[in-house]
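# Tertiary structure, described
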Amino acid sequence: MPRRMPAAAKRNPVNAIDPRHCVFRHLSRSLRSVAQHYDRGLRPHGLTAAQFTLLMTLARLGEQKVGALAAELAMDPSTVPRVLLPLRRRGWIRVAIGSDRRSRLVSIAEPGSRLLRQVLPHWQSLQAEALAQLAPVDWRDLRHSLAHLRQQLASATHG
């Protein structure tokens, strides 16, 4: 039997919108909670979750142009220099001028690599705690679903 629409929703269709079913609302709330979990755990090491991710990305990929790094991290290229600044000030990354003098090449510096090696066990604990909270959700399936959503929405936006 179909649910009856409340009278307020009949008068104003906006009242019929139930935010409990909004994809954006759920993903953004989840992202904030997950970021806070990792930020709390990484704070004693002088890192935020975003900074740790950036360092891990550079360690994995090696030297990157700012645009390529932005694409890998799904960031706007214009915001990357601002995100890189505290890491550069601490000597954790290097930024060099590229071949055309307008481009910048970013790489992890040895102090950043040392920091990652020290912090990795702590990150692994944070990761295990987060994954334990997903039960009974299969993290691999969720990751694939989220990647599919990103790809579909990106292609709809760009295509």
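These lines cover the structure that appears in this document, whether it is placed above or below. Nothing here was measured: the structure is a model prediction, and the numbers come from that model.

### A word on the nonpolar core
- The biggest cluster of nonpolar side chains holds 22 residues, and the ones touching the most others in it are Leu42, Leu47 and Leu55.
- Every element with two or more residues in this core is listed here: helix 2 (23-42), helix 3 (49-61), helix 4 (66-73), helix 5 (80-89), strand 3 (104-108) and helix 6 (110-134).
- For this core, the element with the highest residue contribution is helix 3, accounting for 5 residues.
- Ignoring sequence-local partners within four residues, the contact set of Leu42 consists of Leu47, Thr48, Ala49, Phe52, Val119 and Leu126.

### Here we look at the layout of surface pockets
- Empty space within the largest pocket amounts to approximately 2,100 Å³.
- Lining the largest pocket are 43 residues, with Leu31, Val34, Trp139, Leu146 and Arg150 positioned closest to its centre.
- Element by element, the count of residues in the lining of the largest pocket is highest for helix 2, at 13 residues.
- In terms of residue class, the lining of the largest pocket is made up of 28 nonpolar, 10 polar and 5 charged.

### Re helix 2
- With 20 residues, helix 2 extends 28 Å from end C-alpha to end C-alpha; this agrees with the ideal 28 Å at 1.5 Å per step.
- For helix 2, every residue scored as buried is listed here: Ser28, His37, Tyr38 and Leu42.
- Buried residues along helix 2 sit in contact with helix 3 and helix 6.

### Comments concerning the pattern of salt bridges
- Evaluation of the coordinates by the stated rule reveals 4 salt bridges.
- A salt bridge links Glu72 to Arg60; the shortest N-O distance between them is 2.9 Å. On the criterion of sequence distance, the pair formed by Glu72 in helix 4 and Arg60 in helix 3 is long-range, its members being 12 residues apart.
- Judged by relative accessible area, Glu72 falls into the partly exposed class, the value being 41%.

The rules behind each value
- Residues numbered from 1 in each chain as written.
- Predicted model: local features only at pLDDT ≥ 70, side-chain atom pairs only at ≥ 80, totals over all residues.
- Heavy atoms only, no water.
- Core = buried A, V, L, I, M, F, W, Y, C linked by side-chain atoms within 4.5 Å.
- Buried < 20%, exposed > 50% of the residue type's maximum accessible area, 1.4 Å probe, protein only.
- Helix = DSSP H or I, 4+ residues; strand = E, 2+ residues; numbered from the N terminus.
- Contact = heavy atoms within 4.5 Å.
- 1 Å grid on protein atoms, 1.4 Å probe; cavity = no way out; pocket = protein on both sides within 12 Å on 5 of 7 lines; lining within 4 Å.
- Points joined across faces, edges and corners; volume = space filled by probe spheres on them.
- Nonpolar A, V, L, I, M, F, W, Y, C, P; charged D, E, K, R; others polar.
- Expected span 1.5 Å × (residues − 1).
- Salt bridge = Lys/Arg side-chain N within 4 Å of Asp/Glu carboxyl O.

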